[in-house]
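Inside the fold
Spelled out from the first residue to the last, the chains are:
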Amino acid sequence: MNKIPFSINLVILSVLLFFSCKSKLPETAEKNITGEIAEQAMVVSARKEASKIGVDIMKKGGNAFDAMVATEMALAVSYPFAGNLGGGGFMVYRTADGEIGSLDYREKAPLAASKNMYLDENGEVIEGKSTLGAMASGVPGTIAGIFKVHEKFGSLPIQELLQPVIELAEKGVVVTQKQQERLQKYREVLMQVNQDTILFTRAYKIGDTIKNESLANTLKRIAVNGRSEFYSGETGQKILEFLQMQGGILTEEDLLRYEAKWRNPVRIPYKEYQVISMPPPSSGGIVLGEILKMIEPFPIKDYNQNSTKYIQVLTEAERRAYADRSFYLGDPDFYAVPQDSLLSDEYLSERMANFSFDAATPSSTIEHGAIKGYESNETTHYSIVDSEGNAVSVTTTLNGAYGSKLYIPELGFFMNNEMNDFSLKPGVPNMFGLIGAEANAIAPEKRMLSSMTPTIIEKNGELWMVVGSPGGSTIITSVLQTFLNVAEFDLSMQEAVSAKRFHHQWLPDEIMMEPEGFSEKTIKKLQQKGYKINQKESRIIGKVDAIKVLPNGNLEGGADPRGDDTAIGF
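Keep in mind that what you see is a predicted model, and the values were worked out from it rather than measured. Each chain carries its own residue numbering, running from 1 in the direction its sequence is written. Since the coordinates come from a predicted model, pLDDT governs what is reported: local features require at least 70, and pairs of side-chain atoms require 80 or more to be given and counted, while whole-chain, interface and lining totals use all residues. Excluded from the side-chain calculations are hydrogens and water; all other atoms, namely the structure's heavy atoms, are used.

Moving on to the environment of Pro561. Helical segments are the DSSP runs of H or I of at least four residues, strand segments are the runs of E of at least two, and each set is numbered from the N terminus. Within the element layout of this structure, Pro561 appears in the loop between β20 (555-559) and β21 (566-569). Think of it in three bands: residues with accessible area under 20% of the maximum for their type are buried, residues over 50% are exposed, and the middle band is partly exposed, with areas taken using a 1.4 Å probe on protein chains only. We classify Pro561 as partly exposed; its relative accessible area is 47%. Contacts were defined at the residue level, with two residues in contact if any of their heavy atoms lie within 4.5 Å. Sequence-distant contacts of Pro561, defined by excluding residues within four places in its chain, comprise Lys178, Gln494, Val497 and Ser498.

And the structure:
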């Protein structure tokens, strides 16, 4: 028998080792990719222009909260798809000395709203009434939100924060490939709703510049007159006149009565981490907390990222948490949300008791638990850390793409279509496939339920990660998987954000998977266990923007390659 030369043996061994190691790597993330690194401060947002303005504010001596005001408004200029004056959002913060809190500047139902306002005489939902045009809009909260933040934490004058944003609107924003595609996709419906051409229905090409003089003028008035300009001044009057002319029901009293609210964030212990996230009327913190506590007893690290077992455990926890979301969550000012019960160890242990690795648990067999006692990518998130260690996580939205599609030419911005986030009729899904119950029924001045999940994570008591995402019903699972990618699988921040994602939301009973990121072998195994897989829609899941504090104190940004998202730091 001939002996194989040592050198060939070595080659064979090297190849075997290569493939052995290769199989251990996550199927969906390239390794050894690090995001933008900064020593002092960082902003990660949906557009380079907005990130730069936020960073420039901090270079001037502003803090993370000053940068929040500037970044929020810069996104209204550079990313009108979701950045806004006519919408609302949520902020979770952690100060350098460890104080945490959250701000709810979610839209509210108008005073003239009623439970069945979107139903016809037969009790059926009237198509389009809650999604397009003036009747779709709730009372906007964004301007109230930025002024609430500035009043409590701001260090630079509001005029100084808004000046670069005004200049950006006047100078214009260069159209990217993705922006061109979005504008083309929605051009027809924008024309239809506005019954005319508007600034955003022109046939823009990559490299064109969009100047928004009307928005610049609106921001100039807000810089001079403050919050009241939007809610009772010339701008407020123009909003009301325009909406009433279009058949809307917003009134002067609606604007005057609007207030952003400070709330106590949800705190979820997970191993050595403290996950700090948004409370109701966002469902984000509670649903994220339920999932994390349901999966914590499982050896997640041993499963490998996006392996069959990993997908099973997350899917089964997600379907149970989203079933609870549909029944129990709503505006806490109108409804007693059973937060402590939903997050109790005993309750969540019972929820997972009937899970088996052998087969899927059909959603038809799962309802909300008994307690003792698809939104879309049409939202935007940004994460900020300043040189002092203050951290801000903000998710803001108009709801659908360009909101209600109704644009106010004289003011330069779109109005939201957040009314669709209420349960229009219990048991009937909203535009994102989410089903709601009485807890989220429409009532005057009520805030509609949301999936927005701005989140800050501590590790061993220190600031460790700032994370969030757009993506409607997929927001929560995008934040969850990004966190686990770093905490359990030791990915860099950029690798964690870039990795392919999957999503389950109870109904429809399917695992939505991003295309070309999961092995056929894994998909086949899941199907054999009774899971329905949906890769047909070829849609992206979330656009995560995150910052991780590295062991040496530097910051690593993770900017989602699914969009034009950019991390900038210094």
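UniProt positions are given in the numbering used here, feature names are shortened, and annotations may be inferred rather than shown by experiment. UniProt records the feature "active site" (unreviewed entry) at Thr379, using the numbering of this structure. Its place among the elements puts Thr379 in strand β10 (residues 379-385). Residue classification places Thr379 among the buried residues on the basis of a relative accessible area of 4%. Ignoring any residue separated from it by four or fewer positions in sequence, one finds Thr379 in contact with Tyr79, Ala82, Thr395, Thr396, Thr397, Asn399, Met452, Pro470 and Gly471. We define a polar contact as two N or O atoms separated by no more than 3.5 Å, with the added condition that, inside protein, one atom must be a possible hydrogen donor and the other a possible acceptor, whereas residues neighbouring each other in sequence contribute only through side-chain atom pairs. A distance of 3.1 Å separates a polar atom in the side chain of Thr379 from a polar atom in the side chain of Thr397.

A word on the nonpolar core. Membership of the largest hydrophobic core comes to 83 residues, with the highest contact counts inside it found for Met68, Leu85, Met91, Ile143, Ile384 and Phe413. By residue number, the principal contributor to this core is helix α3 (residues 64-78), which donates 11 residues. Contact partners of Leu85, with chain neighbours within four places excluded, come to Met73, Ala76, Pro140, Thr142, Ile143, Leu215, Thr218, Leu219, Ile222, Phe230 and Phe413. Joining through side-chain atoms within 4.5 Å is the link that ties buried Ala, Val, Leu, Ile, Met, Phe, Trp, Tyr and Cys residues into a set, and such a set is a nonpolar core. Counting 81 residues, the second largest nonpolar core, distinct from the first, contains Tyr303, Val313, Ala321 and Met452.

On to the sheet that holds strand β18 (residues 533-534), then. On the basis of which strands lie adjacent, the open sheet formed by 3 strands has the order β16-β17-β18 and mixed pairing. Strands at the two margins of the open sheet, each flanked by one partner only, are β16 (502-503) and β18. What makes two strands pair is DSSP finding at least two bridges between them. Sheet analysis places strand β17 (residues 511-513) next to β18, joined by 2 bridges and oriented parallel. Bridging from a neighbouring strand, Met512 pairs with Asn534 of β18.

Right, let's talk about the side chain of Asn390 for a bit. Tracing the backbone through its elements, the reader meets Asn390 in the loop between β10 and β11 (391-397). Engagement of the side chain of Asn390 in a polar contact is seen with the backbone nitrogen of Ala96, the distance being 2.8 Å. Polar contacts involving the side chain of Asn390 include one to the side chain of Asp386, which spans 2.8 Å.

Before going further, it helps to spend a moment on the side chain of Glu290. Position of Glu290 among the secondary structure elements: in helix α11 (residues 284-295). For the buried residue Glu290, which engages in no salt bridge, the nearest side chain bearing the opposite charge is Arg351, 5.1 Å off. In contact with Glu290, not counting residues within four places along its chain, are Ala321, Asp324, Leu342, Leu343, Tyr347 and Leu348. In this count, Lys and Arg are taken as positive residues and Asp and Glu as negative ones, while His and the chain termini are left out. The rule for a salt bridge is simple: a side-chain nitrogen of Lys or Arg has to be within 4 Å of a carboxyl oxygen of Asp or Glu.

Following Pro280, the chain continues to Pro281 via a peptide bond in cis, the omega torsion being 20°. With respect to the secondary-structure elements, Pro281 resides in the loop between β9 (273-277) and α11. Between Leu507 and Pro508 the backbone carries a cis peptide bond, its omega angle lying at -5°. Notably, Asn306 is not glycine yet its phi reads approximately 60°, a positive angle. Residue placement: Asn306 occurs in the loop between α12 (300-303) and α13 (308-328). Exposure remark for Asn306: the relative accessible area of 1% places this residue in the buried category. Phi at Lys405 takes a positive value of approximately 75°, unusual for a residue other than glycine. By the element assignment, Lys405 lies in the loop between β11 and β12 (407-408). Judged by relative accessible area, which is 7%, Lys405 ranks as buried.

What UniProt calls "binding site: L-glutamate" (unreviewed entry) maps, in this numbering, to Arg106, Thr397, Leu398, Asn399, Asp421, Ser450, Ser451 and Gly472. For Asn399, a relative accessible area of 3% corresponds to the buried category. Locating Asp421 in the fold gives a position in the loop between β13 (413-414) and β14 (455-459). Judged by relative accessible area, Asp421 falls into the buried class, the value being 4%.

With respect to the helices and strands, the residue Ala46 is situated in the loop between β2 (42-45) and α2 (48-59). Each C-alpha atom, one on Ala46 and one on Ala82, is 9.6 Å from the other, the two residues being 36 residues apart in sequence. Every residue in contact with Ala46, bar those within four places of it in the chain, is listed here: Leu75, Tyr79, Thr380, His381, Asp545, Asp564 and Asp565.

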